[in-house]
Amino acid sequence: MSDAHDKRLSRREALAGMFTVSTAALVGCGGGDPSPDAAMGLDAGMDPDATREADAGRDAGPEWDAGPPPTGAFQHGVASGDPHADSVILWTCVSEQAGPVSVSWEVSASPEFGAIVTNGTFDTDASRDFTVKLEASGLEPATTYFYRFRLGDQVSPIGRTRTAPTGAVERLRFVVCACASYAHGYFHGYRRIAERADLDAVIHVGDYIYEYGSGEYGDVRDYDPPHECVSLEDYRRRYRLYRQDRDLQEAHRQHPFITVWDDHESADNSWSGGAENHQPATEGAWADRVQAAAQAYREWLPFRETAEGDRLRLFRTLRYGDLVDLVILDTRIWARDEQGAGATDPVLMDPTRTLLGTDQETWLFEQLRSSTAQWKVICQQVMMAQLPLFLNTDAWDGYPAQRQRLFDFLADNPTGARSDVVVVTGDIHSSWANDLTTAPADPLAYDPETGMGSLAVEFVTPGITSPGAGMALEDILRRRLPTEAPHIKYFNLWRRGYVVLDVDASRTQGAWFHLDDVTSVAGGAESFASAWETATGTNHLVESDSPAAPRADAPPLAPG
Ligand SMILES: [Fe+2]
């Protein structure tokens with residue numbers, strides 16, 4: 001499939017990297033009847049990449065149906081993020097500016113801005129790439145607000161955001177998304193997300209940008225800069241390119257984002273001390289590169305910044321009343337030890353190896369222990385469930401002692417307080433619904449029918465555009481998983497899309513929505529693929545009859 005075109009395939013860059021030969025052999029292979037294993041929720045069907053070459057409009061711009069591209073001071077749109085009950089982060093960038101400038105901002109409960117709730121000014125300059133990032137405070141909980149910026153007589157697009165609730169909360173809806181390789185297609189998924197009026201927030205678990213040069217990984221759209229990002233200016237240029245994409249702009253304009261990075265915000269398969277796609281001899285010290293990547297991330301994404309020493313700290317908790325705590329992890333840069341060389345590398349069994357670092361692990365356990373929310377949603381990067389057929393050393397499978405410590409913590413649950421943990425994951429460009437259990441294939445330890453032995457559940461989102469693995473692997477998994485990995489309830493390896501996470505007191509549901517095609521401007525229709533839910537107190541996934549209905553009382557979208 002398309003991955004055969006890619007010059008750089010890592011062991012992590014989707015499962016595709018592990019199956020290049022077998023999937024390449026199936027280029028053009030399609031068809032596939034409805035799954036005989038439908039009861040297990042395994043998808044099959046046409047590979048959209050089979051028609052990719054014919055569709056790809058390399059020089060065409062992204063789909064856009066709301067007027068001409070922006071000009072003037074606010075070409076990179078507006079954004080908001082990290083909602084609290086009384087405040088939210090607001091963001092914009094002053095485009096084409098040469099010297100220091102003061103930008104004014106205002107927030108209103110109505111898109112007409114009849115009454116201003118709060119306002120102010122923000123000074124920006126070249127030292128922060130002319131980005132504007134501020135906390136708007138004094139807001140009411142569970143309220144939709146509209147905001148805009150001004151520079152002289154120029155006014156930004158109107159943004160829309162929403163604060164977190166407090167106290168008793170009936171229902172929450174989030175989108176979980178990840179992995180937007182600009183070079184692999186158009187961000188139709190972001191457009192579909194923007195159109196959903198009833199979301200509380202969009203949770204983006206990383207690979208928001210990709211660092212590659214043009215043609216190195218995907219060839220539908222060219223990059224700026226055309227070379228691989230290494231320096232601060234490179235990463236800034238890459239964010240500018242992304243934020244001129246009208247579909248991504250629209251998703252940011254309509255919803256607050258809650259973001260955390262994965263590897264490609266710095267370099268492929270990064271860890272705390274380096275990356276597979278980092279060559280010190282020609283690209284300089286890793287510490288310099290990761291600081292540059294972190295600075296650009298800090299400038300361009302609307303999250304609440306904290307630092308420890310010179311390290312950007314992204315792990316944090318966002319509270320949504322008594323219903324949900326979002327516990328956000330950095331499994332990538334903070335403290336991760338280097339990936340093992342393969343499934344048989346003895347280093348994998350070293351009990352001291354870490355994915356989180358001692359401080360983040362202690363913090364995670366304290367967040368789970370002290371949470372008063374019913375659902376603890378851990379938002380993180382790499383797949384936590386075991387994939388025993390094809391061990392991915394970049395995922396939690398490559399850090400078994402780290403995973404076991406978390407599972408032991410969840411199992412030690414005397415008051416039931418460590419129940420109702422949901423993990424949401426990105427990174428591998430494919431869709432998965434998993435029970436999380438210590439020994440999935442041991443019938444004495446885990447019963448896939450009743451969920452006995454399951455400690456939590458995991459929903460893995462596919463990429464917005466980044467390519468999955470294809471049909472050959474799917475056939476193997478469909479045959480072998482029911483006996484060897486019965487904790488995996490559903491998977492789809494090649495469709496792009498995202499997950500809608502719908503939460504109420506009785507259950508949490510993850511619903512996968514998949515896109516028909518991301519390689520053509522005309523594509524991007526979405527369809528419901530599958531939905532799975534865990535009932536309160538069960539820590540076990542069962543298939544839902546249908547995706548949860550949208551909210552009837554969704555607030556209006558921001559006017560264009
Ligand atoms: Fe990715």
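Residues numbered from 1 in each chain as written. Predicted model: local features only at pLDDT ≥ 70, side-chain atom pairs only at ≥ 80, totals over all residues.

Peer 1: Explain the sheet that holds strand 18 (residues 375-379) to me, please; I cannot follow it from the model alone.
Peer 2: By way of backbone hydrogen bonds, the strands of a sheet pair with one another, either parallel or antiparallel. Judged by pairing direction, the sheet is mixed, and its seven strands sit side by side in the order 16-17-18-19-21-20-22 without closing on themselves. The open sheet has two edge strands with one neighbour each: strand 16 (316-320) and strand 22 (488-492). Adjacent strand axes in the sheet meet at a mean angle of 20 degrees, parallel and antiparallel pairs treated alike. As defined by bridge partners, strand 17 (residues 324-328) adjoins strand 18 across five bridges and the pair is classed as parallel. Bridge assignment links V327 to a residue of strand 18, and that residue is I378. (Pairing = 2+ DSSP bridges. Helix = DSSP H or I, 4+ residues; strand = E, 2+ residues; numbered from the N terminus. Axes fitted to C-alpha atoms, helices over the stretch in contact; angles between N-to-C directions.)

Peer 1: Honestly, the sheet that holds strand 23 (residues 497-504) in this entry has me stumped. Any pointers?
Peer 2: Ordered by their spatial adjacency, ten strands build an open sheet running 5-2-1-11-10-9-23-24-25-26, and the pairing between neighbours is mixed. Lying at the two open borders of the sheet, with one neighbouring strand each, are strand 5 (131-137) and strand 26 (541-543). If you compare each strand with its neighbour and ignore which way they point, the axes differ by 30 degrees on average. Direction of pairing for strand 2 (residues 87-93) relative to strand 5: antiparallel, over a ladder of seven bridges. By the bridge assignment for strand 5, L90 is matched with L134.

Peer 1: Would you mind showing me how to read the packing of helix 3 (residues 188-195) against helix 5 (residues 246-254) here?
Peer 2: Relative orientation and spacing of two packed helices are given, respectively, by the angle between their axes and the distance between those axes. Here helix 3 crosses helix 5 at 25 degrees, and the two axes come no closer than 7 Å. Put simply, helix 3 runs roughly parallel to helix 5. Crossing of helix 3 against helix 5: the hand is left-handed. Mapping the contact onto sequence places H188, Y190, R191, I193 and A194 in helix 3 and D247, L248, E250, A251 and Q254 in helix 5. Of the residues that constitute the contact of helix 3 with helix 5, the class distribution is five nonpolar, two polar and three charged. (Parallel < 35°, antiparallel > 145°, perpendicular 65-115°, else oblique. Left-handed = near helix turned anticlockwise from the far one by under 90°. Contact = placed C-beta atoms within 7 Å. Nonpolar A, V, L, I, M, F, W, Y, C, P; charged D, E, K, R; others polar.)

Peer 1: Can you help me understand the pairing of strand 3 (residues 101-108) in this one?
Peer 2: Regular strands place their side chains on alternate faces of the sheet. Bridge analysis of strand 3 against strand 4 (residues 116-124) gives eight bridges, and the strand direction is antiparallel. Opposite E106, over in strand 4, you have N119 as the bridge partner. In terms of strand pairing, strand 3 meets strand 6 (residues 144-151) through five bridges, oriented antiparallel. Paired with E106 across the strands is R148, a residue of strand 6.

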